[in-house]
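# Chains, contacts and geometry: an overview
Okay, here's what each chain looks like letter by letter:
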Amino acid sequence: MILDQDMKQQTKTYLDLMEGEVVLTVSAGEDALSKKMLELAHELRELSPKIHFEEKKLARTPSMQLSRPGETHGVVFAGLPMGQEYSSFILALLQTSGRPPKVEPHIIERIKQLEGTYRFETYVSLSCHNCPDVVQALNMMSLINPRVSHTMIDGAAFKEEVEAKGVMAVPAVFLNGEMFLSGRTTIEEILEKLGQKADPSFLSEKGLFDVLVIGGGPSGASAAIYAARKGIKTGVVADRFGGQVQDTLTIENFISVKSTEGPKLAAMLEEHVRAYEVDIMAPYRVHSLTRQEEEGLIYVTLENGATLKSKTVIIATGARWRELGVPGEAQFKNKGVAYCAHCDGPLFTGKDVAVIGGGNSGIEAAIDLAGLARHVTVLEFLPELKADTILQERLAKQSNVTVLTNVATQSIEGEDRVQSLTYMERDTETIKKLNVDGVFVQIGLIPNTEWLEGTVERNRFGEIIVDAYGKTSLPGVFAAGDCTNIPYKQIITSMGSGATAALAAFDYLIRQ
Ligand SMILES: Cc1cc2nc3c(=O)[nH]c(=O)nc-3n(C[C@H](O)[C@H](O)[C@H](O)COP(=O)(O)OP(=O)(O)OC[C@H]3O[C@@H](n4cnc5c(N)ncnc54)[C@H](O)[C@@H]3O)c2cc1C
């Protein structure tokens, strides 16, 4: 049995929403994975009379194509679409059956306008949290425009292909056989890359907001809910809803929820915000912000050229991975240098990897990788690890991990992919080389605030300086979460600061 009782129940609830018939074409061989794929197809067929099944050879085995009856075109899943990709698979089933995708009409129009032939192939790992967004975007494009085809390929099931194509980070998207993009990407970004530029005028026509939140992580979501509950016109403009939570695996310190997973929490955040009258504008990046003194209004310009206008703004743009800045890091990005252990870890199964950084995220990554890699070496610059004791204790239980402290990484070397890294033992200044296939950089975060240069006051780390109410140096502009100088950067603290900033913004509005 592939689906347990709970999954069957949940899947049936979704399949009951199917609008039309769908044919599952399975390309199966004699291998164990093919047998599982056939089993999955039969289990699904039992859950919905709208699902039909046939066996036929496709380009890859095992794989499964979803198409409408009488059509040859359809999205393909090569390898078993379980783990993080199960939701992509169920969504593709629903959309193939005729359920309209949840995407704005202007995006659908841009997809329809694509001319030419686009054969997309996306290599994923089933534990990658960044992959489903890309898989779902390309599946949707394929269902909207028959000139676009898409195959999701589980790298673990097609190892030789992955090796031959040099895929070392997922998601890795190939277009007509050539590398097209890597990493989490939105449908908007894919369209831009294909030359289908957006017309930003509909954003500029949004009218005046009372509160405009920039950022859709925990702090932005919390600020938006608190503002909307005051009955004022609230908007959220965000590059990627969910923020860092999307990159997190297990969360055990979000009080009242004993344990959850990042993408699950991110989806719940979005659902909660959508329960209110909040205008969510995503995925759009903000370029700059100015305050018009006479009007007392704030103008927010997006990277696509649109301008939004608001009486108050809450900046909640969070933080991103810090880069090491040593020779070889940029050259081998996605060719062995990685930043997300949950996403790219499975590509290093049975290989030797290094984790740079001995803080919480570094040690979490090392524990995660120890279950997959042959050997993990942790390199920490300081004389001791900085991670919480509980994590250090868990790490100590791993038999295939070596910890090097008081070492400085000097460079990353290789030919077409990472082969080694060089570090210096800081007490003796001895230079040493470590043969590794992958380097996971986990040395903390930097605030996403560069775009505020010359507007609000920031400290030497680039964090926005706020007072106890979340006020910044600019009247009407508030800030919350990881992009500010609040002392501890956590989900719960960022949500708290988002709520504070929204209440302070409301207070500011009623005094104007
Ligand atoms: C691997 C990892 C594990 C973690 N584990 C935990 C944990 O177990 N427990 C815990 O409490 N915390 C954990 N954290 C920390 C927690 O995720 C953060 O403290 C929290 O997400 C901060 O929320 P935020 O809303 O301030 O920022 P973020 O989550 O960073 O969100 C920022 C938002 O702003 C958007 N944005 C950025 N720049 C722009 C721009 N120019 N224009 C438009 N939008 C923009 C982003 O797309 C995003 O929507 C973890 C973090 C990481 C990276």
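Quick caveat: nothing in here was measured; it's all calculated off a predicted structure.

## Remarks on helix H3 (residues 86–96)
In terms of residue burial, H3 counts as a mostly covered element, since nine of its 11 residues are buried. Just past H3, the residue Gly98 takes up positive phi, approximately 115 degrees.

## Here we look at the pattern of salt bridges
In total, this model carries 23 salt bridges according to the counting rule given. With a closest N to O distance of 3.2 Å, Lys351 and Glu163 form a salt bridge. Here Lys351, found in the loop between helix H11 (341–344) and strand E19 (352–356), pairs with Glu163, found in helix H6 (residues 159–165); they are 188 residues apart in sequence, far enough to count as distant. When the shortest N-O distance is used, the salt bridge between Arg285 and Asp239 registers 2.7 Å. Here Arg285, found in the loop between strand E13 (278–281) and strand E14 (286–292), pairs with Asp239, found in the loop between strand E10 (234–237) and strand E11 (250–251); they are 46 residues apart in sequence, far enough to count as distant. Here the salt bridges do not stand alone but share partners, grouping Arg60, Arg119, Glu121, Glu161 and Lys165 into one network.

## Some remarks on the site of the ligand
Taken together, 31 residues sit near the ligand, with Ser219, Arg240, Gln244, Asn253 and Val286 positioned nearest. Here Asp239 contributes a backbone N or O atom positioned 3.1 Å from a nitrogen atom of the ligand. Contact between the ligand and Ala319: an oxygen atom at 3.3 Å from a main-chain N or O atom of the residue. Compared with its free state, where it exposes 1000 Å², the ligand has 93% of that area covered by protein. Taken together, the elements giving at least two residues each to the shell around the ligand come down to helix H9 (218–228), E11, strand E17 (319–321) and helix H14 (491–511). Residues that form the shell around the ligand fall into these classes: 10 nonpolar, 15 polar and six charged.

## Some points on the nonpolar core
With 66 residues, the main nonpolar core has Leu24, Leu44, Met64, Leu66, Phe89, Leu93 and Val376 as its most contacted residues. The residue makeup of this core includes at least three contributed by each of domain 1 (5–193) and domain 3 (337–441). Residues in contact with Leu24, not counting those within four places in the same chain, are Ala41, Leu44, Ile51, His52, Phe53, Glu54, Met64, Gln65, Leu66, Phe89 and Leu93. Within the second largest apolar cluster, 33 residues are counted, among which are Val211, Phe241, Ile251 and Ile280.

Scoring rules and cut-offs
- Residues numbered from 1 in each chain as written.
- Predicted model: local features only at pLDDT ≥ 70, side-chain atom pairs only at ≥ 80, totals over all residues.
- Heavy atoms only, no water.
- Buried < 20%, exposed > 50% of the residue type's maximum accessible area, 1.4 Å probe, protein only.
- Helix = DSSP H or I, 4+ residues; strand = E, 2+ residues; numbered from the N terminus.
- Salt bridge = Lys/Arg side-chain N within 4 Å of Asp/Glu carboxyl O.
- Near = heavy atom within 4 Å.
- Polar contact = N/O pair within 3.5 Å; in protein donor to acceptor, adjacent residues only side chain to side chain.
- Areas by Shrake-Rupley, 256 points an atom, 1.4 Å probe, with all protein chains shown as cover.
- Nonpolar A, V, L, I, M, F, W, Y, C, P; charged D, E, K, R; others polar.
- Core = buried A, V, L, I, M, F, W, Y, C linked by side-chain atoms within 4.5 Å.
- Domains from an automatic or database assignment.
- Contact = heavy atoms within 4.5 Å.

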